[in-house]
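Survey of secondary and tertiary structure
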Amino acid sequence: MTYWLRCTDCGREYREGEVEYLCTACAGTGAAGTAPRGVLRIEYGKVTGAVPDESYSDSRRWHVLLPLRSPESMPPLPVGPTPLHRAERLGKELGLARLVVKDDTVLPTGSLKDRASSVVVAKARELGRDTITTASTGNAAVALAAMAASVGLRAVILVPKTAPIAKRTQMLVFGATVVPVEGTYDDAYALSLEATRVFGWYNRSTAYNPLTVDGKKTVAFEIWEQLGRKAPDAVLVPTGDGVILAGVHKGFGDLRDAGLVDRLPRLYAAQAEGSAAIVRSLDVEGEEVPGLARATTIADSISVGVPAAGRWAKRALRETGGGGIVVTDGEIVEAIALLGRTSGIFCEPAAAAAIAGARKAAREGLVGRDETVVVLVTGNGLKDVAAAERAVRMPEAIVPTVEALGEALGGELKPPMDTDGHR
Ligand SMILES: [Zn+2]
């Protein structure tokens, strides 16, 4: 669809293709160590055409609201729709009668990031670019690697060397050029921007490339459609750099602009205690989001010191009347097991942060018992099994006899006696 870009900070507008990444007037003007200024928002004006276009079954059905010349540019790996579960047993535990779980663990590479990578790779094809780079905590790079592989583009991935081994392995299996970086995600991010300038690659880094927000917004479109073309009351979003939150905000915003919803849901950012720059910034007046010197959390996907879309996320939390929730690593680990045993969904730690956040939101009365509350489950637990192992107790092996089995089950089951009184 034809579009233009508008700076989320100064409002300056650009034609499609006039600028690729940040607003040229705002980029680099913020104080050092704060969330960057100049993130661009994609604007469509009046929607012409059906939303969704029923002739497609995956995210191409939203092409009327995607920044692409043709839905056919999108990679062949189908993205969405993912299931929206009525999580009754989890809801009971949390005291929420209308809790629903949006399960993005089933996307092609197991995380919501497939939504953004699919759109960015489509754009690279339309622009005739052959190499795409990104910095990533892991999932975004895995998604880029897969989407690039499916259409034969080259992906150059910069990840902190501490990214979970399953994610690094996924990227390599997809044939990406993977370069582990000494340092944090923030260091990898800075390097990806410089490499883009020096080598002329196309950059997928999150928020820096405005298409990432627009790609992620399809999760909001699907929620709207699956709830019977209605917006929920609240959405809990696991939050690191703020781009998924911005994407959800943009998605419901696009639906409102198209006259399809009359209000936005309240958005809540669930952040890990050691990586909560956006939530902490809500106490700071104005739009500034001070970064952290160093982010630390077991939830690697949301371990971010200086959030790339921090200013947009902060605005979204305020504008929608939502807010921030901080959870500890202990609560995150517990929530992995809680979601698993009540719903049968295995999530990674970042997604569990939103489950733990939902528990807190219910306890603190941020969300009402009878409100429709959506929790975004953004990543598959198989991506970080080591973290999940902390949530369970691995049982010892037994000798293969029913007696030993009975004992292993805590003596609650005993094999019946035979006629001689023997077991
Ligand atoms: Zn600007």
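These numbers were taken from a predicted model, which means no experiment stands behind them.

Parameters and conventions
Residues numbered from 1 in each chain as written. Predicted model: local features only at pLDDT ≥ 70, side-chain atom pairs only at ≥ 80, totals over all residues. Helix = DSSP H or I, 4+ residues; strand = E, 2+ residues; numbered from the N terminus. Rg over C-alpha atoms; globule rule 2.2 N^0.38 Å. Buried ≥ 20, exposed ≤ 12 C-beta atoms within 10 Å, placed from the backbone. Contact = placed C-beta atoms within 7 Å. Arc of directions from axis to C-beta. Axes fitted to C-alpha atoms, helices over the stretch in contact; angles between N-to-C directions. Parallel < 35°, antiparallel > 145°, perpendicular 65-115°, else oblique. Left-handed = near helix turned anticlockwise from the far one by under 90°. Nonpolar A, V, L, I, M, F, W, Y, C, P; charged D, E, K, R; others polar. Domains from an automatic or database assignment. Pairing = 2+ DSSP bridges. Right-handed = clockwise from strand over helix to strand, strands pointing away. Expected span 1.5 Å × (residues − 1). Core = buried A, V, L, I, M, F, W, Y, C linked by C-beta atoms within 7 Å.

This part takes up the overall build of the protein chain. In terms of regular secondary structure, the protein chain is built from 14 helices and 13 strands. Its C-alpha atoms give the protein chain a radius of gyration of 22 Å, near enough to 22 Å, the size a compact globule of 423 residues would have. Projected onto its principal axes, the C-alpha coordinates of the protein chain cover approximately 90 × 45 × 45 Å. Of all 423 residues assigned to the protein chain, the portion counted as buried reaches 55%. For the protein chain, contacts bridging at least 24 residues in sequence account for 70% of all contacts bridging at least 6.

All right, on to helix α4 (residues 165-173) then. Residues K167, R168, Q170 and M171 constitute the buried set of α4. Down the axis of α4, the smallest arc covering the buried residues is 155 degrees, so these residues share one side. Exposed side chains of α4 directed beyond 90 degrees from the buried face belong to I165 and V173. In this structure, the buried side of α4 is in contact with α3 (139-151), β7 (154-160) and β8 (177-181).

Any two packed helices are characterised by the angle at which their axes cross and by the distance between the axes. Where α3 meets α4, the axes come as close as 8 Å, and the angle between the chain directions of the two elements is 15 degrees. Here α3 lies roughly parallel to α4, going by the angle between them. Where α3 crosses over α4, the handedness of that crossing is left-handed. Across the interface between the two elements, N139, A141, V142 and A145 from α3 touch K167, Q170 and M171 from α4. In terms of residue class, the contact of α3 with α4 is made up of 4 nonpolar, 2 polar and 1 charged.

Most peptide bonds adopt trans geometry, and most residues besides glycine take a negative phi value. Residues V51 and P52 are joined by a peptide bond in cis, for which omega reads -5 degrees. The phi dihedral of A207 falls on the positive side, at around 75 degrees, and the residue is not glycine. Considering the arrangement of structural elements, one finds A207 in the loop between β9 (202-203) and α6 (211-216). Despite not being glycine, R229 has its phi angle at roughly 60 degrees, a positive value.

Many structure descriptions define interface size as the accessible area lost when the parts assemble. Segmenting the protein chain into domains produces domain 1 (84-110 + 213-389) and domain 2 (394-423). Of note, the centres of domain 1 and domain 2, computed from C-alpha atoms alone, are 45 Å apart.

The next subject is the environment of I278. Checked against the element boundaries, I278 lands in helix α9 (residues 277-281). For the pair I278 and L172, spaced 106 residues apart in sequence, the C-alpha separation works out to 32 Å. With residues up to four places along the chain from it excluded, the contact list for I278 reads T239, G242, A269, Q271, V289, P307, G310, A313, K314 and G324.

This next bit is on the pairing of β7. The side chains of a regular strand alternate, first on one face of the sheet and then on the other. Burial within β7 is extensive, with 6 of its 7 residues counted as buried. Pairing of strand β6 (residues 131-135) with β7, which is carried by 5 bridges, proceeds in the parallel orientation. Note on β7: the bridge partner recorded for T134 is I157. The β-α-β motif built from β6, the intervening α3 and the parallel element β7 has right-handed crossover chirality. Across 5 bridges, the pairing between β7 and β8 is parallel. Of the residues in β8, the one forming a bridge with V159 is P180.

Turning our eyes to something else, we now look at helix α12 (residues 349-363). Across its 15 residues, α12 extends 21 Å between first and last C-alpha, which sits within 8% of the 21 Å expected from 1.5 Å per residue. Burial within α12 is extensive, with 13 of its 15 residues counted as buried. Immediately beyond the C-terminal end of α12, within one or two residues, lies G365, with a positive phi of roughly 75 degrees.

Of all hydrophobic cores here, the largest spans 129 residues; its most connected members are A145, I157, L236, V237, A353 and V375. It is α12 that contributes the most residues to this core, 10 residues altogether. With residues up to four places along the chain from it excluded, the contact list for L236 reads Y268, A270, A354, G357, A358, A361, V373, V375 and L376.

Read across the sheet, 3 strands follow the order β2-β1-β3 without closing on themselves; strand pairing throughout is antiparallel. Bordering the open sheet on either side are β2 (13-15) and β3 (40-43), each of which pairs with just one other strand. Geometrically, the sheet is characterised by an average inter-axis angle of 30 degrees between neighbouring strands, direction not taken into account. Pairing analysis gives 3 bridges linking strand β1 (residues 4-7) to β2, with the strands arranged antiparallel. By the bridge assignment, W4 is partnered in β2 with R15.

So, about the sheet that holds strand β10 (residues 234-238). As a general point, the strands of a sheet are linked pairwise by backbone hydrogen bonds and lie either parallel or antiparallel. What the 6 strands build is an open sheet, ordered β4-β5-β13-β10-β11-β12; its pairing is mixed. With one partner strand each, in any of the chains shown, β4 (84-86) and β12 (323-327) form the two edges of the open sheet. The average angle at which neighbouring strand axes cross in this sheet is 25 degrees, direction not considered. In the sheet, β4 pairs with strand β5 (residues 98-103) via 3 bridges, with the strands oriented antiparallel. Residue pairing across strands places L84 opposite K102, the latter belonging to β5.

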